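# Structure at a glance
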Amino acid sequence: MKRPHAFAFALALAVVASAAPGMAEDIKAGDITIQKPWARATPKGAEVGGAYFVIRNTGAQPDRLTGGTADFATVEIHQMKNEDGVMKMVELKDGLPIPAHGSVGLAPGGYHVMLTHLTHPLNKGETIKATLTFEHAGAVEVTFPVLAVGASGPDAAKGGGMGGMKM
């Protein structure tokens, strides 16, 4: 009678796996690849949210993330930075440079996409879509799995946060 226990275990494992938001596949546009996109859930009534990912540029020419669009929010590019011991957030109105043959990580506490004027909360387990705009690669539609409020990223359990560092 071990077989029913094995079946119950397999069924439970399948239920748990299906409850977790799936991580999106890499998205490629020209020399630009968007990796590990995700967003944080927001509390009810919040007017802003954040989206994060890694941008890789395999080309010989730099590119620039210049903005984006979404049907549920305004898309802005921001940076958290320390000025005289005080953390400040600034909008990067000229966009975010992506070096040739390099990458830039967008993560909590560093570079990030700020989703302002939200028309609805971002709920854990759902996905949201936005179109990111690059100077050379053009418009790239990205699907962001929504993780928990306060999540530090899809690789947090493995210690894989990028911290907004250029690599």
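Residues numbered from 1 in each chain as written. Predicted model: local features only at pLDDT ≥ 70, side-chain atom pairs only at ≥ 80, totals over all residues. Heavy atoms only, no water.

### Comments concerning the pattern of salt bridges
We count it as follows: Only one rule defines a salt bridge in this text: a Lys or Arg side-chain nitrogen within 4 Å of an Asp or Glu carboxyl oxygen. For the exposure calls, accessible area comes from a 1.4 Å probe over protein chains only, and a residue counts as buried if that area is under 20% of its type's maximum, exposed if over 50%, partly exposed in between.
Taken as a whole, this structure holds 4 salt bridges when the rule is applied. Lys81 serves as the salt-bridge partner of Glu83, at 3.5 Å between the closest nitrogen and oxygen. Between Glu91 and Lys93 there is a salt bridge; the shortest N-O distance is 3.4 Å. With a relative accessible area of 33%, Glu91 lands in the partly exposed category. Residues participating in the shared-partner salt-bridge network are Lys81, Glu83 and Lys88.

### Side note on the nonpolar core
One broad rule of soluble globular proteins: the nonpolar side chains tend to lie buried together. Convention followed: Buried Ala, Val, Leu, Ile, Met, Phe, Trp, Tyr and Cys residues form a nonpolar core when they are joined through side-chain atoms within 4.5 Å. Only heavy atoms matter for contacts: two residues are in contact if any of them lie within 4.5 Å across the pair.
One finds Ile34 and Leu115 to be the most contacted residues of the largest nonpolar core, which totals 32 residues. Not counting the four nearest positions on each side in its chain, Leu115 is found in contact with Glu47, Val48, Gly49, Gly50, Ala51, Phe72, Ala73, Thr74, Val75, Leu122 and Ile128.

### Re the layout of surface pockets
To find leftover empty space, one rolls a probe the size of a water molecule over the atoms. To keep it simple, the criterion reads: A cavity here means a set of points on a 1 Å grid, drawn over the protein atoms and nothing else, where a 1.4 Å probe fits but cannot get out; a pocket is an open set with protein on both sides within 12 Å along at least five of seven lines, and a residue lines either one if it has an atom within 4 Å of a point. Grid points are joined across faces, edges and corners, and a volume is the space filled by probe spheres set on the points. In DSSP terms, a helix is any run of H or I states spanning at least four residues, a strand is any run of E spanning at least two, and both are numbered starting from the N terminus.
Empty space within the largest pocket amounts to approximately 150 Å³. Lining of the largest pocket is provided by Arg40, Val48, Gly49, Gly50, Tyr52, Met80, Met89, Pro108, Gly109, His112 and Met114. Elements with a contribution of two residues or more to the lining of the largest pocket: β3 (48-57) and β9 (111-116). Broken down by element, the lining of the largest pocket gets its largest block of residues, 4 residues, from β3.

### Remarks on the environment of Lys44
Tracing the backbone through its elements, the reader meets Lys44 in the loop between β2 (32-40) and β3. Look at Lys44 and you get exposed, because its relative accessible area is 81%.

### Re the packing of aromatic side chains
Put simply, the rule reads: By convention, a stacked pair of Phe, Tyr or Trp rings (six-membered ring in the case of Trp) has centres within 6.5 Å and planes under 30 degrees apart, an edge-to-face pair has planes over 60 apart, and any other such pair is tilted.
In total, this model carries 2 aromatic pairs according to the counting rule given. When the ring of Trp38 is compared with that of Tyr52, the centres are 4.6 Å apart and the planes differ by 35°; the resulting orientation is tilted. Highlighted residues: Trp38 in strand β2 and Tyr52 in strand β3, separated in sequence by 14 residues. As far as the burial class goes, Trp38 and Tyr52 line up, both buried.

### Here's the deal with the confidence of the model for the protein chain
Put simply, the rule reads: The score called pLDDT rates the predictor's confidence residue by residue, from a low of 0 to a high of 100.
Summarising the model, the protein chain shows a mean pLDDT of 85, and 78% of its residues fall at 70 or more. Under a pLDDT of 50 for its full length, residues 5-21 has, in the predicted model, 4 contacts with residues more than four places off or in other chains. Contacts from residues 159-167, a stretch scored under 50 in pLDDT, to residues over four places away or in other chains number 21 contacts.

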